[in-house]
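# Observations on the model geometry
Read off the chains here:
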Amino acid sequence: MRGVKIVGTGMCMPKYILTNEELSSFIDTSDEWIAQRTGIRQRRIVTDENTIDLSVKAAKEATEGIDPLEIDLIIVGTVSPHQVIPSVACSVQAQLGATNAMAFDISAACSGFIYGSKIAVEAIRCGSAKKALVIGAEVLSKVVDWSDRGTCILFGDGAGAVLYEQTDVNKILAFDVGSNGMLGQTLSLENQAQNNPLIKNEYSPSFIKMDGRAVYRFAVNVVPISIKKALEKAQVNIDEIKLFVLHQANERIISSVAKNLNVDLNLFFKNLDKYGNTSGASIPIALHEAKSNLKNGDKIVLTGFGGGLTWGSIVVQW
Ligand code: COA
């Protein structure tokens, strides 16, 4: 079977920094409450950028030095696309000039990057692509209810990108992915209401709704299981893992996972204090920031979890 490796990463964050202090000026909350419950201190939110702009910049960095015509596949994991048609992925394709690529978006919320990576890696393994670009990109600030202090404090905007390439020596060691639609309503974002000549609806915008405690319980339960399953498939011992790059939702979730796995918390990368929860974008952003500390051959784990409910882990050799 063909091997796959990561050959490039990139990220792009909006310029505007919204601190907990500034949030506290228009919503009943405090830096202390947010930092204690989540670890988040600030997040980036768009002022004049959109999901496509962020994706294109992250993609350009991940594909630097690569002829865009060699990119066969572009997948964007997003639940906050700038528009539904054309997809963010097709807009990125156009701006990169990657005219040979098949391009589409997927909806798997905070697992979007992991799900997109599975599709991309399997496309490379079966020979239908040689280079595949996977982007996680979100502008959650437009789908957050800014009057709901239980959710608006958590989320941020941003994009990250990873370029996968076919190789002789395989570096993508295993995946574990799963979904549980039965728990879907614990974290939801409704689409437009039905509207046709027979059903007339008033337009009302919809926002992210969440049962925070239920999502927390789901995450701390499913993430260790997923990591163990992926490691077992990869036949890699947990002691061999140099870095765990988890979806950056909440510092307490990361600490609980480290404790459950009996792994030193220092092996878990964190940047959620700066960016908050950027959903599908958080893992490629974190990987891009973490990579300067990785050496060739290091084994790492990437794990996403969130809306759907969905989850997934990848064991990667750097
Ligand atoms: N500032 C101040 N107080 C707040 C607040 C805020 N931003 N948000 C909620 N509160 C209050 C509540 O009103 C409640 O007050 P009450 O006791 O007087 O009723 C109290 O704090 C506790 O609220 P609760 O929602 O039970 O808090 P919590 O300990 O569960 O923390 C989350 C809330 C959202 C931080 C936590 O549930 C969480 O992180 N869940 C996981 C969410 C997540 O990561 N989602 C994305 C996954 S991809």
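Residues numbered from 1 in each chain as written. Predicted model: local features only at pLDDT ≥ 70, side-chain atom pairs only at ≥ 80, totals over all residues. Heavy atoms only, no water.

For the rest of this paragraph, the subject is the site of the ligand. The environment of the ligand is formed by 22 residues, the closest being Thr 29, Arg 37, Arg 149, Arg 213 and Asn 250. Within the side chain of Trp 33, an N or O atom sits 3.4 Å from a nitrogen atom of the ligand. Those elements that place two or more of their residues in the shell around the ligand are helix 2 (31-38), helix 6 (212-234), helix 7 (251-261) and strand 12 (299-306). A total of four residues in the shell around the ligand trace back to one element, the largest contributor, which is helix 6. When its residues are assigned to classes, the shell around the ligand shows nine nonpolar, eight polar and five charged. Counting contributing residues per domain, the shell around the ligand is built from domain 1 (3-169) and domain 2 (173-317), each supplying no fewer than three. (Near = heavy atom within 4 Å. Polar contact = N/O pair within 3.5 Å; in protein donor to acceptor, adjacent residues only side chain to side chain. Helix = DSSP H or I, 4+ residues; strand = E, 2+ residues; numbered from the N terminus. Nonpolar A, V, L, I, M, F, W, Y, C, P; charged D, E, K, R; others polar. Domains from an automatic or database assignment.)

Here four strands make up an open sheet; going across it, the order is 8-13-12-11 and the pairing mixed. Sheet topology places strand 8 (172-179) and strand 11 (241-246) at the edges, where each strand pairs with a single neighbour. If you compare each strand with its neighbour and ignore which way they point, the axes differ by 10 degrees on average. Pairing geometry for strand 12 and strand 13 (residues 310-317), over eight bridges, is antiparallel. Pairing of Ile 300 across the sheet is with Val 316, part of strand 13. Packed onto the sheet, helix 6 meets strand 8, strand 11, strand 12 and strand 13 and runs at close to 35 degrees relative to strand 13. (Pairing = 2+ DSSP bridges. Axes fitted to C-alpha atoms, helices over the stretch in contact; angles between N-to-C directions. Contact = heavy atoms within 4.5 Å.)

One way to put it is that helix 3 (residues 51-62) packs onto helix 4 (residues 88-96) with a least axis distance of 9 Å and a crossing angle of 55 degrees. Viewed along their axes, helix 3 and helix 4 adopt a mutual orientation that is oblique. Between helix 3 and helix 4 the crossing geometry is right-handed. Across from Thr 51, Ile 52, Ser 55, Val 56, Ala 59 and Lys 60 in helix 3, the residues of helix 4 making contact are Val 88, Ser 91, Val 92, Gln 95 and Leu 96. Of the residues that constitute the contact of helix 3 with helix 4, the class distribution is six nonpolar, four polar and one charged. (Parallel < 35°, antiparallel > 145°, perpendicular 65-115°, else oblique. Left-handed = near helix turned anticlockwise from the far one by under 90°.)

Another aspect to go through is the domain arrangement of the protein chain. Entries for the protein chain in the domain assignment read domain 1 (3-169) and domain 2 (173-317). Spacing between the C-alpha centres of domain 1 and domain 2 amounts to 14 Å. Contacts between the two partners involve 46 residues from domain 1, matched on the other side by 42 residues from domain 2. Summed over both partners, the interface of domain 1 with domain 2 buries about 3500 Å², with 67% contributed by carbon and sulfur atoms. The three residues of domain 1 that bury the most area against domain 2 are Cys 110, Ile 114 and Tyr 115, which together make up 18% of that side's buried surface. (Buried area = accessible area lost by both parts, 1.4 Å probe.)

Let us now look at the side chain of Ser 55. Along the chain, Ser 55 turns up in helix 3. On the basis of relative accessible area, Ser 55 is assigned to the buried category, the value being 0%. Among all residues touching Ser 55, those that are not within four sequence positions of it are Val 88, Val 92, Ile 135, Ala 137 and Ala 159. (Buried < 20%, exposed > 50% of the residue type's maximum accessible area, 1.4 Å probe, protein only.)

This part covers the packing of aromatic side chains. The relation between two aromatic rings is expressed through the spacing of the ring centres and the mutual angle of the planes. Under the counting rule described, the total for this entry stands at three aromatic pairs. Where Phe 244 meets Phe 268, the ring centres are 4.6 Å apart and the plane angle is 10 degrees; that geometry is what we call stacked. Linking Phe 244 in strand 11 with Phe 268 in the loop between helix 7 and helix 8 (272-275), this pair joins segments that are 24 residues apart in sequence. Just as Phe 244 is buried, Phe 268 falls in that class too. (Phe/Tyr/Trp six-rings, centres within 6.5 Å; stacked < 30°, edge-to-face > 60°.)

Turning our eyes to something else, we now look at the pattern of salt bridges. Overall, the coordinates contain 12 salt bridges when judged by the stated rule. Among the salt bridges present, the one from Glu 240 reaches Lys 299, with a minimum N-O distance of 2.8 Å. Of this pair, Glu 240 sits in the loop between helix 6 and strand 11 while Lys 299 sits in strand 12, placing them 59 residues apart in sequence. Where salt bridges share partners, they join Lys 15, Asp 48 and Glu 49 into one cluster. (Salt bridge = Lys/Arg side-chain N within 4 Å of Asp/Glu carboxyl O.)

All right, on to the pairing of strand 4 (residues 73-77) then. For strand 4, a buried count of five out of five residues is recorded, marking the element as mostly surrounded by other parts of the structure. Judged by which residues are buried, strand 4 turns out to be covered on both faces: Leu 73, Ile 75 and Gly 77 on one side and Ile 74 and Val 76 on the other are all buried. In terms of strand pairing, strand 4 meets strand 5 (residues 102-106) through five bridges, oriented parallel. Along strand 5, the bridge assignment pairs Gly 77 with Ile 106. Handedness of the strand 4-helix 4-strand 5 crossover: right-handed. For strand 4 and strand 6 (residues 131-139), the ladder comprises five bridges, and the chain directions are parallel. Considered in strand 6, the bridge of Val 76 is made with Ile 135. (Right-handed = clockwise from strand over helix to strand, strands pointing away.)

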